[in-house]
Amino acid sequence: EDQVTQSPEALRLQEGESSSLNCSYTVSGLRGLFWYRQDPGKGPEFLFTLYSAGEEKEKERLKATLTKKESFLHITAPKPEDSATYLCAVQAKSNYQLIWGAGTKLIIKP
Amino acid sequence: DVKVTQSSRYLVKRTGEKVFLECVQDMDHENMFWYRQDPGLGLRLIYFSYDVKMKEKGDIPEGYSVSREKKERFSLILESASTNQTSMYLCASSGNEQFFGPGTRLTVL
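Residues numbered from 1 in each chain as written. Chains lettered and ligands numbered in written order. Predicted model: local features only at pLDDT ≥ 70, side-chain atom pairs only at ≥ 80, totals over all residues. Heavy atoms only, no water.

Here's the deal with the pairing of strand β6 (residues 56-59) of chain A
Residues and elements named next belong to chain A.
Phase 1 of the analysis: Summarising the sheet, β6 and strand β7 (residues 62-66) pair through 4 bridges and their orientation is antiparallel. Counted as the bridge partner of K57 is A64 from β7.
Phase 2 of the analysis: Counting the residues in the hairpin turn of β6 and β7 gives 2 residues, including E60, whose phi is positive at 55°. (Pairing = 2+ DSSP bridges. Helix = DSSP H or I, 4+ residues; strand = E, 2+ residues; numbered from the N terminus.)

Structure below.
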């Protein structure tokens, strides 16, 4: 069964304290892995797509990496405005639907 | 810039009412999706459409229907709203990536 598991559920960091969020997945034929950021009461905002193992994408303080079993979202020297829930999703080659993880709630304290 | 708009940010309806949620995208995407999001349950797919007048059930279609008469517009219909349909409703459209609207917070009393 296709599945996505994100860990930890919640992460509290001090401003400037770097860390990583994990997204483990099982899917029969990966088309793509997607990272989103969601602020409270708003729709998810697209961050990255990764298509194959070894691929990396960067945007400001965020860097996403992909292996055959998991993806990491590395956050370097985070700021309070990086506080949000980060969602991971995978798409199998066989259909249009995304399989979503439950998300990691990231809190950055000043 | 990519844009997905939803007809209302907040909506309050009574049990038994018929409810229409509208979604419009300006990216000429073929695929459109309706999700609901509830605390502890994450994003759950209600229906999606991969072309005009085409629709497919998602994971939780019961109590909902959809309409896609034009490429840019995808409507979610609650035929007879119930309290367990109180939720955040999110519309998305996609080429390769899904882009989301701002969401509609629906409360059914």
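Side note on the nonpolar core
Phase 1 of the analysis: Within the largest apolar cluster, 25 residues are counted, with the highest numbers of intra-cluster contacts made by A:Y25, A:L33, A:W35, A:L73 and A:Y86.
Phase 2 of the analysis: Of all the secondary structure elements, the ones that give two or more residues to this core are β2 (10-14), β3 (19-26), β4 (30-38), β5 (45-50), β7, β8 (70-75), β9 (84-92) and β11 (104-109) of chain A.
Phase 3 of the analysis: Broken down by element, this core gets its largest block of residues, 5 residues, from β9(A).
Phase 4 of the analysis: Ignoring sequence-local partners within four residues, the contact set of A:L73 consists of A:S19, A:S20, A:L21, A:W35, A:F48, A:L62, A:K63, A:A64 and A:Y86.
Phase 5 of the analysis: Counting residues in hydrophobic clusters, the runner-up holds 21 residues, among them B:M32, B:Y47, B:Y64 and B:V108. (Core = buried A, V, L, I, M, F, W, Y, C linked by side-chain atoms within 4.5 Å. Buried < 20%, exposed > 50% of the residue type's maximum accessible area, 1.4 Å probe, protein only. Contact = heavy atoms within 4.5 Å.)

Notes on the interface of chain A and chain B
Phase 1 of the analysis: If you look at the interface, chain A gives 16 residues, while chain B gives 19 residues.
Phase 2 of the analysis: Applying the counting criterion to the chain A and chain B interface returns 6 residue pairs in polar contact (both at pLDDT 80 or more).
Phase 3 of the analysis: Among the elements of the structure, β4, β5, β9 and β10 (98-100) of chain A are those that each provide at least two residues to the side of chain A that touches chain B.
Phase 4 of the analysis: Residues of the side of chain A that touches chain B, tallied by class, amount to 9 nonpolar, 6 polar and 1 charged. (Polar contact = N/O pair within 3.5 Å; in protein donor to acceptor, adjacent residues only side chain to side chain. Nonpolar A, V, L, I, M, F, W, Y, C, P; charged D, E, K, R; others polar.)

Digging into the packing of aromatic side chains
Residue and element names in this part refer to chain B.
Phase 1 of the analysis: The full count for this structure, using the stated rule, is 10 aromatic pairs over all chains.
Phase 2 of the analysis: Note on F33 and F48: the rings are 5.9 Å apart at their centroids and 20° apart in plane angle, and the pair reads as stacked. Taken as a pair, F33 in strand β4 (residues 31-38) and F48 in strand β5 (residues 42-51) lie far apart in primary sequence, 15 residues in all. Here the two residues F33 and F48 agree in accessibility, since each one is buried. (Phe/Tyr/Trp six-rings, centres within 6.5 Å; stacked < 30°, edge-to-face > 60°.)

A few points about the sheet that holds β6(A)
Residues and elements named next belong to chain A.
Phase 1 of the analysis: A sheet is described by the order of its strands in space; here 5 strands give the open sequence β1-β3-β8-β7-β6, paired in antiparallel fashion. Edge positions in the sheet fall to β1 (3-7) and β6, since each has one partner strand and no second. Strand-to-strand twist across the sheet, computed as the mean angle between neighbouring axes with direction ignored, equals 15°.
Phase 2 of the analysis: Sheet analysis places β7 next to β8, joined by 5 bridges and oriented antiparallel. Counterpart to L66 in the pairing with β8 is S71. (Axes fitted to C-alpha atoms, helices over the stretch in contact; angles between N-to-C directions.)

Some details on the pattern of salt bridges
Phase 1 of the analysis: Taken as a whole and assessed by the stated rule, the structure comprises 10 salt bridges over all chains.
Phase 2 of the analysis: Across the pair A:R37 and A:D39 runs a salt bridge whose closest N-O atoms are separated by 3.0 Å.
Phase 3 of the analysis: On the basis of relative accessible area, A:R37 is assigned to the buried category, the value being 14%.
Phase 4 of the analysis: The partly exposed category is assigned to A:D39, whose relative accessible area is 23%.
Phase 5 of the analysis: For the salt bridge of B:K53 with B:E69, the shortest nitrogen-to-oxygen distance reads 2.5 Å. Of this pair, B:K53 sits in the loop between β5 and β6 (54-57) while B:E69 is found in strand β7 (residues 64-70), placing the two residues 16 residues apart along the sequence. Accessibility classification places B:K53 together with B:E69 in one group, the exposed group.
Phase 6 of the analysis: One network of salt bridges, with partners in common, ties together B:R36, B:D38 and B:R44. (Salt bridge = Lys/Arg side-chain N within 4 Å of Asp/Glu carboxyl O.)

Digging into the state of the cysteines
Phase 1 of the analysis: In the structure shown here, the tally under the stated rule is 2 disulfides over all chains.
Phase 2 of the analysis: With its sulfur 1.9 Å from that of its partner, A:C23 forms a disulfide with A:C88. Given an S-S torsion of about -65°, the disulfide between A:C23 and A:C88 has left-handed geometry. Here the residue A:C23 occupies a position in strand β3, and A:C88 occupies one in strand β9, the gap between them amounting to 65 residues. The pair A:C23 / A:C88 is uniform in exposure class, with both members buried.
Phase 3 of the analysis: A disulfide bridge connects B:C23 with B:C91, and the sulfur atoms are separated by 1.9 Å. Across the S-S bond of B:C23 and B:C91 the torsion is about -75°, and the bridge reads as left-handed. Of this pair, B:C23 sits in strand β3 (residues 19-25) while B:C91 sits in strand β9 (residues 87-94), placing them 68 residues apart in sequence.
Phase 4 of the analysis: The exposure class of B:C23 is buried, given its relative accessible area of 0%.
Phase 5 of the analysis: Classification of B:C91 as buried rests on a relative accessible area of 0%. (Disulfide = S-S within 2.5 Å.)

All we've got here are geometric facts, nothing functional implied.
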